Amino acid sequence: MGTAGTGADETAGEQRQLINVAYRLLGSVTEAEDAVQDAYTRWYALPRSRQEEILSPGAWLTTVTSRICLDLLGSARARRERYVGAWLPEPLPDRTEWGHTGGADPSGPSDPADQIVLDESVSVALLVVLESMTPAERVAFVLHDVFRYSFAEIADVLGRTPGACKQLAASARRRVSSAHPRAAATTAAVTGQAEVVRHVKQAWEKKDVAALVRLLDPAAVMTADGGGNVGAVLRPVEGGTRIAQYMVAIADRAPGLELLERSVNGMPGLVAQRAGVVMTVAAFDVSDGRVTRIWAVRNPEKLRPWARESGDL
């Protein structure tokens with residue numbers, strides 16, 4: 001994987017790529033950072049003679065990081081079964097919306113979240129579908145369909161034949177097509193979603209149930225992730241009318257809550273904050289001008305990338 005390098009010096013420039021791979025595989029900035037650090041630890045533990053034998057340290061690091069993620073995905077299933085309520089991916093902010101780049105300098109970013117490229121492959125809608133895959137399917141899909149690695153390279157990660165890896169990626173692709181049929185997020189699609197989200201914000205602020213019902217698909221589903229740390233509905237709320245009533249009830253119980261239109265994983269979303277502290281980050285899926293899915297992350301542990309700059313939102 002990757003291009004041939006000149007030795008250990010190549011490893012320094014690989015962190016950004018590795019974080020991007022690991023976040024898409026794990027859906028967690030914290031776990032992705034740990035996986036990448038583990039891979040670097042293993043690299044530096046190699047004897048110098050062994051490092052010099054490796055033609056592409058970047059390829060080696062990507063393979064090792066992917067294997068670490070594969071192991072974590074296997075154990076994550078058990079952990080998430082014990083998780084209080086629904087488990088959702090950690091949402092990512094877009095630092096450029098806050099009028100500065102923060103740590104987003106690619107030569108030396110201070111925050112792993114700043115290194116992750118915000119494109120369709122990190123949309124919350126897609127990450128939720130990736131959660132439904134087997135670990136091997138997820139690795140094959142992400143490495144091949146997102147990062148364009150060959151099945152021969154992926155076979156080295158999964159310990160399977162290239163043909164088997166191709167079948168895994170095809171199976172994963174079918175899951176994505178059935179659960180997330182929309183094509184890549186075009187400018188028009190993003191603009192359309194932004195308009196719908198803006199109307200949702202306005203109706204929510206006015207506590208206008210009827211307006212919310214019109215904006216929500218009758219079969220819409222809202223999922224919240226509080227992780228047992230804060231109050232959140234434990235089961236998905238189904239149906240546009242029920243969601244609208246629930247949203248207004250939340251507004252009634254949370255005076256002083258300020259809603260802001262912000263990018264969430266590269267797509268238009270909403271951030272709710274009180275006294276400058278981010279309380280909830282909501283991602284949306286929109287189809288034919290109506291909201292079909294809402295994913296609301298309230299677990300403070302998953303909002304750390306937002307906390308650093310929340311006062312500047």
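Our subject in this report is the structure included herewith. (Residues numbered from 1 in each chain as written. Predicted model: local features only at pLDDT ≥ 70, side-chain atom pairs only at ≥ 80, totals over all residues. Heavy atoms only, no water.)

Here we look at the overall build of the protein
Formally: Counting from the N terminus, the helices are the DSSP runs of H or I reaching at least four residues and the strands are the DSSP runs of E reaching at least two. The buried label applies to any residue whose accessible area, calculated with a 1.4 Å probe on protein chains only, is under 20% of its type's maximum; exposed applies above 50%, and partly exposed to all values in between. By the convention used here, residues are in contact when the closest approach between their heavy atoms is within 4.5 Å.
When helices and strands are tallied, the protein shows 13 helices and six strands. A total of 313 residues make up the protein; the buried ones form 51% of that total. Taking as baseline every contact in the protein between residues at least 6 positions apart, the subset at least 24 positions apart corresponds to 68%.

Regarding the sheet that holds strand E6 (residues 290-297)
Counted only if it meets this: Two strands make a pair as long as DSSP finds a minimum of two bridges between them. Throughout, an axis means a line fitted to C-alpha atoms (over the contacting stretch in the case of helices), and angles, computed between N-to-C directions, take values from 0 to 180 degrees.
In space, the six strands of this open sheet follow the order E2-E1-E6-E5-E4-E3, with mixed pairing throughout. Two strands in the sheet have a free side with no partner beyond their single neighbour: strand E2 (237-238) and strand E3 (258-264). Sheet analysis places strand E1 (residues 216-225) next to E2, joined by two bridges and oriented antiparallel. Residue pairing across strands places Met-222 opposite Val-237, the latter belonging to E2. Lying over the sheet, helix H6 (residues 124-131) contacts E3, strand E5 (277-287) and E6, oriented at roughly 70° with respect to E6. Across the sheet, helix H12 (residues 240-253) is in contact with E1, E2 and E6; its angle to E1 comes to roughly 50°.

Quick notes on the packing of helix H8 (residues 151-158) against helix H9 (residues 162-179)
As a reminder, the rule being used: Any angle that falls under 35 degrees is termed roughly parallel, while one over 145 is termed roughly antiparallel, one within 65 to 115 roughly perpendicular, and all others oblique. Charged residues are taken to be Asp, Glu, Lys and Arg, nonpolar residues to be Ala, Val, Leu, Ile, Met, Phe, Trp, Tyr, Cys and Pro, and polar residues to be all remaining types, Gly included.
The contact between H8 and H9 brings their axes to 8 Å, and the two run at 95°. With respect to H9, the axis of H8 lies roughly perpendicular. Contacts between H8 and H9 pair Phe-151, Ala-152, Ile-154, Ala-155 and Leu-158 from the former with Pro-162, Cys-165, Lys-166, Leu-168 and Ala-169 from the latter. Along the lines of polarity and charge, the residues of the contact of H8 with H9 split into nine nonpolar, no polar and one charged.

Topic: the packing of aromatic side chains
To keep it simple, the criterion reads: Working definition: a ring pair exists when centres of Phe, Tyr or Trp rings (six-membered ring for Trp) sit within 6.5 Å. Plane angles under 30 degrees give stacked, over 60 give edge-to-face, the rest tilted.
Within the structure shown, the criterion is met by three aromatic pairs. With a centroid separation of 6.3 Å and 20° between ring planes, the pair formed by Tyr-40 and Tyr-44 is classed as stacked. Of this pair, Tyr-40 and Tyr-44 both sit in helix H2 (residues 29-45), four residues apart, which is roughly one turn of that helix. With relative accessibility at 12%, the residue Tyr-40 sits in the buried group. Ring centres of Phe-147 and Tyr-149 lie 6.5 Å apart, and the angle between their planes is 20°; on these two criteria the pair is classed as stacked. For Phe-147, a relative accessible area of 18% puts it in the buried group. The exposure class assigned to Tyr-149 is buried, which follows from its relative accessible area of 8%.

Focus on the side chain of Ser-263
Along the chain, Ser-263 turns up in strand E3. The contacts of Ser-263, once residues within four sequence positions are left out, are Leu-92, Pro-93, Asp-94, Glu-97 and Trp-306.

Some remarks on the pattern of salt bridges
Formally: Definition used for salt bridges: Asp or Glu carboxyl oxygen within 4 Å of a side-chain nitrogen of Lys or Arg.
Summed over all chains, the structure comprises 13 salt bridges. Arg-24 is the partner of Asp-119 in a salt bridge, and the nearest nitrogen-oxygen pair spans 3.3 Å. Linking Asp-119 in the loop between helix H5 (112-115) and H6 with Arg-24 in helix H1 (residues 15-26), this pair joins segments that are 95 residues apart in sequence. Residues Asp-225 and Lys-302 are paired through a salt bridge, measuring 2.6 Å at the closest nitrogen-oxygen approach. Separated by 77 residues along the polypeptide, Asp-225 in strand E1 and Lys-302 in the loop between E6 and helix H13 (304-307) bring together distant segments of the chain. The residues Asp-225 and Lys-302 share a single accessibility class, namely buried.

These figures come from the coordinates and say nothing about function on their own.
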